[in-house]
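# A structural walkthrough
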2 protein chains.
Amino acid sequence: MNTRENILSIFALGGLHEIGKNMYAIEYSNDIVIIDCGNKFPDESLLGVDLIIPDYAYLVENKDKVRALIVTHGHEDHIGGIPFFLKTLNVPVYATRFTLGLIELKLKEHKLLRESELIEINSNSNLTIGEITVNFFKVNHSIPDCLGMVLRTPQGNIVHTGDFKFDLTPANNEHSDIQKMAEIGKEGVLLLLSESTNAERPGWTPSEQMVGEHLDAAFMKAERKIIISTFASNISRVQQVVHAAQKMNRKLALLGRSMVNVVAVAMDRGYLTVPDGMLIEPHEINKMDPEKVAILCTGSQGEQMAALARLSTGDFRGVDILSGDTVIFAAGPIPGNEKNVTSIVDNLFALGAKVIYGSGSSSGMHVSGHGYQEDIKLMLTLMKPTYLIPIHGEYRMLHHHRMLAESVGVEQENTFIMSNGDVVDIEDSIARQTRKIDAGNTYVDGGDVGNVGEFVLRDRKQLSEDGMLMIILTMNKADGKIISEPETISRGFLDRDFAELRKDINRITLKTVNELHEANKYNRNGMKKQIKKAVRQYAYSQTKKKPMIVPIFIEI
Amino acid sequence: MNTRENILSIFALGGLHEIGKNMYAIEYSNDIVIIDCGNKFPDESLLGVDLIIPDYAYLVENKDKVRALIVTHGHEDHIGGIPFFLKTLNVPVYATRFTLGLIELKLKEHKLLRESELIEINSNSNLTIGEITVNFFKVNHSIPDCLGMVLRTPQGNIVHTGDFKFDLTPANNEHSDIQKMAEIGKEGVLLLLSESTNAERPGWTPSEQMVGEHLDAAFMKAERKIIISTFASNISRVQQVVHAAQKMNRKLALLGRSMVNVVAVAMDRGYLTVPDGMLIEPHEINKMDPEKVAILCTGSQGEQMAALARLSTGDFRGVDILSGDTVIFAAGPIPGNEKNVTSIVDNLFALGAKVIYGSGSSSGMHVSGHGYQEDIKLMLTLMKPTYLIPIHGEYRMLHHHRMLAESVGVEQENTFIMSNGDVVDIEDSIARQTRKIDAGNTYVDGGDVGNVGEFVLRDRKQLSEDGMLMIILTMNKADGKIISEPETISRGFLDRDFAELRKDINRITLKTVNELHEANKYNRNGMKKQIKKAVRQYAYSQTKKKPMIVPIFIEI
């Protein structure tokens, strides 16, 4: 029996100081419960990296304790890391019916579906994992079938909200379990993990129904084809598009792989109702009257390979956007995507389309799935936690969440603003932020996990800005004497002819080598270093560029 | 006498379908007048490129006709291309006193000041250039001393607005010449070139005075040091910071090279008044009571090397941001800069600072310098042009500008939505968009202009994402037979050891070479092509990466 026997530990492996790769863990005695396993998309500084997932080395080290992965909902930042995680640790995955549908799509792609253990839960499920029992409550968000949960432990009750907003008139009529939340609060919440995305925004999040009203109005007004782009996973919004199309007697075509796949999962599992005969194939679009067709497609974030981007440049085979068509962005740009979106808007205007777009909810065609300040305060008021860990947010969001909590009665020192890997230990119902475990980013680059690190990324950065010079020298194996003239090859450096510069570089290389020989300092690595230094200085003085310099010695 | 003798031609070499590198030209008979010569900053797809300037090959071809470069104001997107342009075509530059001050800073850096011909003008100046006379009118913007102009030509009057808003209570008390504009309009405007930046925004641009009120309030409330970041060139805002500091009896320190330089120009030329003894040096900050100091610095756009970014990470020698300090972003993020700004906001909150920030004018600390829809309509109403060319904007802005013009009486077909290089020819006072001249982007990469093109950029992109493999083969010069085993070097490809993969690549290379030899197909280039193909396929199958493959043959 070790000394940590009765301590309850809580930490994040992802999701703190970032939007993305959410992964939280509750550890008690011999049991670890994981909540979510998401991914994050790299910014432009991570050249060539495809995905970022949490570094879960701690869980691998403690693999005998890991009992379950519970998933709150099916967004990428909550499920995108699952295939990689299951390849390492094949633990049972608990999720709702719709969420499991999306996880299955992923596992199929990774050819992992067969060996994975997927267990369907709903808001009435009751799990017992070692000394922890878990119960659930429904929350509203921007994807169906979302859960929050209470984990009852010998140290007290821990609540994890999942991603949430309070939508009193949700488009899918699936209401939050507000009464259940109040009961949990009344029973007593020792610690609340609550999401922080919109902690900077005053007021309440608008209802999804608002989007439906604007969609209906736009459908009424449109005279020719309608093209609507939104997140495939926002099934409530897709349902509202279906309703609008139905009212105006339009057929609906789906474009984009994820739209087709996710809509199929949603229809198959009963989360989306589409009237018989409404869906048409893309190749049928051109055969119909423009005023009788609507197209629902991916690409609302300006993704270059998605359907909308290709439509906007005329590169979608068989479907054209023509003058007088109406294009609706039924999703605001996520921060960072603004420029890609507006460049598509430009193309669409140039095609003569009427374009309905805008940031946030300004066009009426988007509402956030994350609660604003009043939603967050309502959650705190329902739960009345002793301790709070704001999760799911960048630093300023966590910081604002703490201030909101203080305004509704959570003492400031009882809110823990943590980083990934920081651990809160609870003993005798007292929580303390004490220690730190390893946590960080794991890069998925190409097909593989963890094959790229800072070293290669630094090289890629230099190559991307200044290119490289390879300087090839053939020399005698015995004494290092030059056999043939140096030769310089470049890639990504200068475009125009640089014969003069190349001659100079070869001359400088030769001079450097000869000087070292005269001083009797022949040593492969020392010589390479000197060549690099001399050529780097010269190249910079002539071009203000700092190419990577790779001396290649052939010894014969 | 050629046939184009009496035709007036108008075109842009930059500024259309973009925000940046403004350069417009008016050509009549043997005279060309240039208006502005700006630069633009590259997006992340232009790896390693430092700046983009207009391609002015047409002007070089017609250099004997180019009489003058008239500059409307001193922002980078209007003056940043001047040093490069003057190196090619040394024409006289006409600009106001403050604008000239900023141009001189640039020319000094490029060591061009001495040979340049700079001519100071003001709103009462009268220029005669060939058969064209030019008069000016003052406009409000976000930098001092801005001009619009009317060019009187034998074909009619052409008006160029410069960048403008209508601020009836400008902070510097320099009012727009609205009456003069009305007179010009009454005299008759054949064609108006008017800026379009905010053509999508309804209403009027708020007055710069609003920022002053918010600054005063924030200074009243602040208990410790105040750090304010804004554009150095926004001298009205700098002046308002000076006033706020004066009222609260705080000293002011300037951080950041462009802040120091531009403030010096503004003070020297009488555009900024700072009480004696108010300015202190950075090293004096720590010696003073925090409640007696304010710091004005660069970096409001999140620029990584600017003062504010360095302050936020504790990397500014001698100056620290401490808990309780107030940091004010007195400039909203330009689209595309949001992420860099919020990451600095995060750092500042983590230091315990109070941070006042927000997009656009939501924090009250920023107003746009570009007129909103009502400002644009007022300009159109004052000028009542027969023809309109919306300038200075991306496509959707030009498009909205056309709709605004239609709403105040400019016929839709009389608005020309053009691209850079499109020419409007006017003959007998009838304007037609007819022909196209060369126009495009010229990249400044390193110290040099035009040394990088699509080819090198494509290489850099591949290198940046997938790195490269160099495969070195030593062979007999006579028959191409292999002398020593192939050797593979990589850069930017994989991090972890890939000894196995490297062995496979060497084996595949050898196999490819031997097969070609057996088939008697030795030919350097053919062999390199086959090696690239075989190795590329294999590397992709193993790693899902597509490194650049460079076979290097050493023939002895």
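Cut-offs used in this document
Residues numbered from 1 in each chain as written. Chains lettered and ligands numbered in written order. Predicted model: local features only at pLDDT ≥ 70, side-chain atom pairs only at ≥ 80, totals over all residues. Heavy atoms only, no water. Helix = DSSP H or I, 4+ residues; strand = E, 2+ residues; numbered from the N terminus. Buried < 20%, exposed > 50% of the residue type's maximum accessible area, 1.4 Å probe, protein only. Areas by Shrake-Rupley, 256 points an atom, 1.4 Å probe, with all protein chains shown as cover. Lys, Arg positive; Asp, Glu negative; His and termini not counted. Charge placed at Lys NZ, Arg CZ, Asp CG, Glu CD. 1 Å grid on protein atoms, 1.4 Å probe; cavity = no way out; pocket = protein on both sides within 12 Å on 5 of 7 lines; lining within 4 Å. Points joined across faces, edges and corners; volume = space filled by probe spheres on them. Nonpolar A, V, L, I, M, F, W, Y, C, P; charged D, E, K, R; others polar. Domains from an automatic or database assignment. Disulfide = S-S within 2.5 Å. UniProt positions renumbered as here; feature names shortened; annotations may be inferred. Contact = heavy atoms within 4.5 Å. Least-squares fit on C-alpha atoms with pLDDT ≥ 70 in both. Pairing = 2+ DSSP bridges. Salt bridge = Lys/Arg side-chain N within 4 Å of Asp/Glu carboxyl O. Phe/Tyr/Trp six-rings, centres within 6.5 Å; stacked < 30°, edge-to-face > 60°. Lys NZ or Arg CZ within 6 Å of the ring centre and 35° of its normal.

### A few points about the overall build of chain A
Check the secondary structure of chain A and you find 15 helices and 26 strands. For the C-alpha atoms alone, the extent of chain A along its principal axes is close to 85 × 75 × 45 Å. For chain A, with 556 residues in total, the buried portion stands at 58%. When the accessible area of chain A is evaluated, it comes to approximately 23,000 Å², of which 47% is carbon and sulfur surface. With 61 positive and 71 negative side-chain charges, chain A shows a spacing of 6 Å between the two charge centroids.

### Topic: the layout of surface pockets
All names here are of chain A. As a volume, the second largest pocket reaches approximately 640 Å³. Residue lining of the second largest pocket: 37 residues in total, with P144, D145, N172, E174 and Y271 positioned closest to the centre. Put simply, the parts of the chain that give the lining of the second largest pocket at least two residues each are strand 9 (132-139), strand 10 (146-153) and helix 7 (235-247). Ranked by residue count, the leading element in the lining of the second largest pocket is helix 7, at 4 residues. For the lining of the second largest pocket, the per-class residue count stands at 12 nonpolar, 17 polar and 8 charged. Residues lining the lining of the second largest pocket come from more than one domain, with at least three contributed by each of domain 1 (8-203 + 368-445) and domain 2 (209-362).

### Notes on the state of the cysteines
Residues and elements named next belong to chain B. Tallied over the full model, the rule gives 0 disulfides over all chains. Looking at the unpaired C37, the closest cysteine sulfur is the one in C146, lying at 17 Å. Since its relative accessible area comes to 0%, C37 is described here as buried.

### Description of the UniProt feature "domain: Metallo-beta-lactamase" (unreviewed entry) in chain A
If you check UniProt for "domain: Metallo-beta-lactamase" (unreviewed entry), the listed places come out as residues 20-214 of chain A in our numbering. Between the C-alpha atoms that bound residues 20-214 of chain A the distance is 30 Å, and the span itself is 23% helix and 29% strand.

### A word on unusual backbone geometry
Positive phi outside glycine occurs at H17(A), with the angle close to 65°. Residue class for H17(A) comes out partly exposed when judged on its relative accessible area of 36%. Despite not being glycine, N173(B) has its phi angle at roughly 60°, a positive value. Following the sequence through the fold, N173(B) ends up in the loop between strand 11 (156-160) and helix 5 (178-187).

### So, the UniProt feature "binding site: substrate" (unreviewed entry) in chain A
All names here are of chain A. The residues that UniProt annotates with the feature "binding site: substrate" (unreviewed entry) are H366, V367, S368, G369 and H370. Set against the second largest pocket, the annotated residues that line it come down to V367, S368 and G369. Its location among the elements puts G369 in the loop between strand 18 (354-356) and helix 11 (373-383). Overall, G369 belongs to the buried group, its relative accessible area being 7%. Here G369 is in contact with N140, H141, S142, F164 and K165, once residues within four sequence places are set aside.

### Section: the relation of the copies chain A and chain B
Of the transformation placing chain A onto chain B, the axial shift is 0.1 Å and the rotation is 180°, giving an RMSD of 0.1 Å. Both copies of the chain, as the preceding transformation shows, are related through a two-fold rotation axis. Relative to the rotation axis, the C-alpha of S464(A) is the closest in chain A, positioned 2.4 Å from it. The fraction of interface residues of chain A whose copies in chain B are also interface residues reaches 98%, indicating that both copies meet through the same surface.

### Things to note about the sheet that holds strand 23 (residues 448-449) of chain B
Residue and element names in this part refer to chain B. Ordered by their spatial adjacency, 3 strands build an open sheet running 4-22-23, and the pairing between neighbours is antiparallel. Since the sheet does not close on itself, it has two edges, and those belong to strand 4 (51-54) and strand 23, each with one partner. Across 4 bridges, the pairing between strand 4 and strand 22 (residues 441-445) is antiparallel. Residue pairing in the sheet places P54 in a bridge with N441 of strand 22.

### Observations concerning the pattern of salt bridges
Between side chains of opposite charge, pairing is possible as soon as their charged atoms come close. Within the structure shown, the criterion is met by 56 salt bridges over all chains. Between K511(A) and E515(A) there is a salt bridge; the shortest N-O distance is 3.8 Å. Taken as a pair, K511(A) and E515(A) lie in helix 14 (residues 499-518) at a separation of 4 residues, close to a single helical turn. On the basis of relative accessible area, E515(A) is assigned to the partly exposed category, the value being 45%. One continuous salt-bridge network, built from bridges that share partners, spans E200(A), E394(A), R396(A) and D346(B).

### A word on the packing of aromatic side chains
Using the criterion set out here, one finds 12 aromatic pairs over all chains in the structure. A ring pair is formed by F349(B) and Y357(B), whose centres lie 6.1 Å apart and whose planes are at 80°; its orientation type is edge-to-face. Looking at K544(A), its charged tip hangs above the ring of Y540(A), at a distance of 5.1 Å from the centre. Here the guanidinium or amino end of K528(B) rests over the ring plane of F553(B), the centre of that ring lying 5.2 Å away.

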